[in-house]
Each structure stands twice: as C-alpha cells, then as structure tokens.
Amino acid sequence: MRKPLLHISFLNAFRGIFIMMKTERNFQLESFAFLVNLFLIFYLHLSKADALLILIVSSGVLAAEIFNTAIEKICDIIQPEFDERIRFIKDISAGAVLLMAAVSVITGVLVYWKYI
C-alpha cells in the first residue's frame, strides 16, 4: 500500500482530532481544561519552564484519551458482546487516562500555587 501524501496524512490526523472533539465527552472536557491552562499560562505570566510543564501534562491527558478511545473501539470491533477479557483491557486503558489526569492536576496545583 502506498503512503499518502504528507498533507493528506496531516488532514487525516486533524480529522481524527475533530472526530474526538465531536463524539467524545471526556475529550471535550479535557480540551476545555487545556484551553483554561493556555489562558492561565498567559494571564499569570508563567515562566517558560512552568508553561512547558503544564503543556506537556495537559497534552498528555489528551493523547491518553485518544489512545483510550482507539483501544475501546478496537475492542468493540473484535468482541461486540460482553467479554471479561475485553473489560479488563478497557479498564486498564481508562486507568491510564485517570492516572495521567491525576498527575496533571497535581502538576497544575504545584505549578500554579506559586503564581496565586
């Protein structure tokens, strides 16, 4: 199979983000949190290091949610009926998002604390 042109690859990736934004409630909430963080970075004049740290953990949550959704969709294709093994896979995938979100909140508290 031939690789698509570079700009087509980017369009496909942006379409994936758009689909996530349109269909996944958690991704919508996490995107809102990302925008709040962008606002706070500029409003509170965070240092470059602190801003980078906030951006890394915030985008990490979004990426984890995308991976979680992809894993869940693949599992639904492989086994549409309830299966304890699929439940295990979905639970640990969701757990990864929860872990990343918790680290993100802790990082936010530690970083923003000195600016408030």
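In what follows, the structure referred to is the one given above.
Let me sum up the structure you'll find in this document. (Residues numbered from 1 in each chain as written. Predicted model: local features only at pLDDT ≥ 70, side-chain atom pairs only at ≥ 80, totals over all residues. Heavy atoms only, no water.)

**Some points on the overall build of the protein chain**
Within the protein chain, the secondary structure is distributed over four helices and zero strands. Mapped in sequence order, the helices and strands of the protein chain form the string α-α-α-α. Every one of the 116 residues in the protein chain was classed for burial, and the buried ones make up 27%. Taking as baseline every contact in the protein chain between residues at least 6 positions apart, the subset at least 24 positions apart corresponds to 68%. Working note: accessible area of the protein chain is about 8,800 Å², and carbon and sulfur atoms make up 74% of it. (Helix = DSSP H or I, 4+ residues; strand = E, 2+ residues; numbered from the N terminus. Buried < 20%, exposed > 50% of the residue type's maximum accessible area, 1.4 Å probe, protein only. Contact = heavy atoms within 4.5 Å. Areas by Shrake-Rupley, 256 points an atom, 1.4 Å probe, with all protein chains shown as cover.)

**What about the packing of aromatic side chains?**
Tallying each qualifying case throughout the model produces one aromatic pair. Ring geometry for F39 against Y43: centres 5.3 Å apart, planes inclined by 15°, an arrangement best described as stacked. Of the two residues, F39 and Y43 are both situated in helix α2 (residues 25-43); the distance of four residues between them amounts to about one turn of the helix. On the basis of relative accessible area, F39 is assigned to the exposed category, the value being 51%. (Phe/Tyr/Trp six-rings, centres within 6.5 Å; stacked < 30°, edge-to-face > 60°.)

**Notes on a nonpolar patch on the surface**
On the surface, a cluster of nonpolar side chains totalling about 520 Å² of accessible area is made up of L6, F10, F14, I17 and I66. With four residues, the top contributor of residues to the nonpolar patch is helix α1 (residues 6-23). Judged by its relative accessible area of 32%, I66 falls in the partly exposed class. (Patch = residues over 30% accessible without salt bridge, like charges linked within 9 Å, V, L, I, M, F, W, Y side chains within 5 Å. Salt bridge = Lys/Arg side-chain N within 4 Å of Asp/Glu carboxyl O.)

**What about the layout of surface pockets?**
Looking at the largest pocket, its volume works out to about 250 Å³. Mapped by element, the contributors of at least two residues to the lining of the largest pocket are α2, α3 (48-78) and α4 (84-113). At six residues, α4 tops the list of elements feeding residues into the lining of the largest pocket. Here the lining of the largest pocket is composed, by residue class, of nine nonpolar, four polar and one charged. (1 Å grid on protein atoms, 1.4 Å probe; cavity = no way out; pocket = protein on both sides within 12 Å on 5 of 7 lines; lining within 4 Å. Points joined across faces, edges and corners; volume = space filled by probe spheres on them. Nonpolar A, V, L, I, M, F, W, Y, C, P; charged D, E, K, R; others polar.)

**Concerning the nonpolar core**
Ranked by size, the top nonpolar core spans seven residues in total: I41, L44, L46, A51, I54, V111 and Y112. For this core, the secondary structure elements donating two or more residues are α3 and α4. In this view, Y112 contacts N37, L40, I41, L44, L46 and I54; residues no more than four positions away in its chain are not counted. (Core = buried A, V, L, I, M, F, W, Y, C linked by side-chain atoms within 4.5 Å.)

**Focus on the pattern of salt bridges**
Side-chain pairs of opposite charge can arise where the charged atoms are in close proximity. The full count for this structure, using the stated rule, is six salt bridges. Residues R87 and D91 are paired through a salt bridge, measuring 3.7 Å at the closest nitrogen-oxygen approach. Here the residue R87 and the residue D91 both occupy positions in helix α4, the gap between them amounting to four residues, near one helical turn. Among the ionic contacts, a cluster of salt bridges with common partners joins E84, R87 and D91.

**Re the environment of A63**
As for its placement among the helices and strands, A63 is situated in helix α3. Taking the C-alpha atoms as reference, A63 lies 9.5 Å from F27; in sequence the two are 36 residues apart.

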